[in-house]
Amino acid sequence: MRGTGLPYLAILVAATFLMGSSFVAGKILLIHGVPAILLVGWRFLLAALATLPLLALSEGGLWKNLFPRGLGPSRWALVVLIGVLQTALTMGLLFMAMEHVSASTAAILLFTNPVWVALLGRIFLREPLHGVRVAGLVLGLCGAALAIGVSGVGGGDNALLGALIGLGSALAWATSTIVNKRGNLPMPAWSLSFWQMFSGSVALLLFAAIRGQEWPAGTTPMQWAWFLWLAIPGSTASFGLWFIALRKGGATRSSGYLFLAPLFATVISWAVLDTGIGWLQGLGGVLVGLGLWLVNRELPARTDAERFREALAEGRP
């Protein structure tokens, strides 16, 4: 079976651990007064620049990878749109949410993304939703509602707003995924990753400048270390390892492990920030994880009769 064995699992664990650690690093910097939009802008600008050596070492060299032939203005506009959705909106909203909720809550809400991808894929791409995936959607939505409810009741006046903003970040990520699927850009993964992070970070930094946001004075060496961790291991390395996992195990199989990221975020947050997680929120997280697994399960191939019935139901020839 493709992607089996310890190397594949080690890559998945490393990728999701680094993803989880980024929530805690971001929360620490937000606690110390770094504005959310400015922080995300600089994070992804540095992360984008860190991909340039990888592009230079890839087949074809830096220039050909950065500017693939055959991309017209409409395709480049689509690249920028993906950057705005994936980096600016998804991560900007996520860090705005973390100004009001814990790192673990934000992680749970963000990683409801595959549930929304399945739902939007059904609406816009007419991808099939079988009974198992419908059950996964229901469980994922219940888990998200439970996480939001717990945050809203027990987390202060702005916690419910923060939880809803966190859910908005997951929806932005899901929308970006659907746009990416529909666009089917003829661009290497690392090239798209660079432009996605670069264009999104420029949009965020322009917005931060308009709002007059400034990096706080007196940033300590430890806080700079957390920022570097957030930008390089928490962004460039985690995305790179995730791309490798996707190639080894495929999107469907690998996505079932994504919920390790909020699990790691919760554990690291407990160890570093001394924050706990209530049993109701934990239950919500488990439901989201189970829903994610069901949504991404490998399903047996449909028979010709089943495909014919589905086509009739949708009015397709």
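Scroll up to find the structure.
The structure reproduced in this document is the subject of the present report. (Residues numbered from 1 in each chain as written. Predicted model: local features only at pLDDT ≥ 70, side-chain atom pairs only at ≥ 80, totals over all residues. Heavy atoms only, no water.)

1. A closer look at the overall build of the chain
So the rule is basically this: Secondary structure elements are defined from DSSP: runs of H or I of at least 4 residues count as helices, runs of E of at least 2 residues count as strands, and each element is numbered from the N terminus. Only protein chains enter the area calculation, which uses a 1.4 Å probe; residues under 20% of their type maximum are buried, those over 50% are exposed, and those in between are partly exposed. Residues are treated as being in contact if the distance between any of their heavy atoms lies within 4.5 Å.
Each helix and strand in the chain was counted, giving 15 helices and zero strands. Sorting the 317 residues of the chain into buried and exposed places 48% on the buried side. When contacts within the chain are restricted to residue pairs at least 6 apart in sequence, long-range pairs at least 24 apart make up 87% of them.

2. Quick notes on the environment of W226
Residue position: W226 is located in helix α11 (residues 221-249). Along the backbone, W226 and K27 are 199 residues apart, and their C-alpha atoms lie at a distance of 10.0 Å. Setting aside its immediate chain neighbours within four residues, W226 contacts A25, I28, L29 and V272.

3. Observations regarding the packing of helix α7 (residues 113-124) against helix α9 (residues 159-183)
Using the following cut-off: In this analysis, axes come from line fits to C-alpha atoms, helices being fitted only over the stretch in contact, and the angle between any two N-to-C directions falls in the range 0 to 180 degrees. Should an angle fall under 35 degrees it is called roughly parallel, over 145 degrees roughly antiparallel, and 65 to 115 degrees roughly perpendicular, with every other angle called oblique. In a left-handed crossing the near helix is turned counterclockwise from the far helix by less than a right angle, and in a right-handed crossing that turn is clockwise. For this scheme, ten residues count as nonpolar: Ala, Val, Leu, Ile, Met, Phe, Trp, Tyr, Cys and Pro. Four count as charged, namely Asp, Glu, Lys and Arg, and the remainder, Gly too, count as polar.
Relative to each other, α7 and α9 sit at 45°, their axes nearing to 8 Å. Taken as axis vectors, α7 and α9 run oblique relative to one another. In this structure, the crossing between α7 and α9 has a hand that is right-handed. Across the interface between the two elements, N113, W116, V117, L120, G121 and F124 of α7 pack against L167, A170, L171, W173, A174, T175, T177, I178, K181 and R182 of α9. Tallied by class, residues from the contact of α7 with α9 come to ten nonpolar, four polar and two charged.

4. Observations concerning a nonpolar patch on the surface
To keep things clear, this is the line we draw: To count toward a patch, a residue needs a relative accessible area above 30% and no salt bridge. Like charges then connect within 9 Å, nonpolar side chains (Val, Leu, Ile, Met, Phe, Trp, Tyr) within 5 Å. Per-residue and other accessible areas were derived by the Shrake-Rupley procedure at a 1.4 Å probe size, with only the shown protein chains allowed to occlude residues. One side-chain nitrogen of Lys or Arg within 4 Å of one carboxyl oxygen of Asp or Glu is enough to make a salt bridge.
Taken together, V80, V84 and L89 make up a surface patch of nonpolar side chains, about 200 Å² in accessible area. Along the chain, the position of V84 falls in helix α5 (residues 73-97).

5. Remarks on the side chain of Q223
Mapped onto the secondary structure, Q223 falls in helix α11. You can call Q223 buried: its relative accessible area is 13%. Setting aside residues no more than four positions away along its own chain, Q223 makes contact with L29, H32 and G218.

6. With respect to the packing of aromatic side chains
The geometry of two aromatic rings is summed up by the distance between their centres and the angle between their planes. So the rule is basically this: In this analysis, rings of Phe, Tyr and Trp, with Trp reduced to its six-membered ring, are considered paired at centre separations within 6.5 Å, and the interplanar angle assigns stacked below 30 degrees, edge-to-face beyond 60, and tilted for intermediate values.
Within this structure, the stated rule accounts for 13 aromatic pairs. Between F23 and F111, the ring centres sit 6.1 Å apart and the planes meet at 55°, which makes this aromatic pair tilted. Within this pair, whereas F23 is found in helix α1 (residues 6-31), its partner F111 is found in the loop between α6 (103-110) and α7, the two being separated by 88 residues in sequence. F111 shares its class with F23; the two are buried. Through pairs of rings, three or more aromatic residues link up here, namely W63, F67, W76, F194, W195 and F198.

Everything listed is a geometric property; what it means functionally is a separate question.
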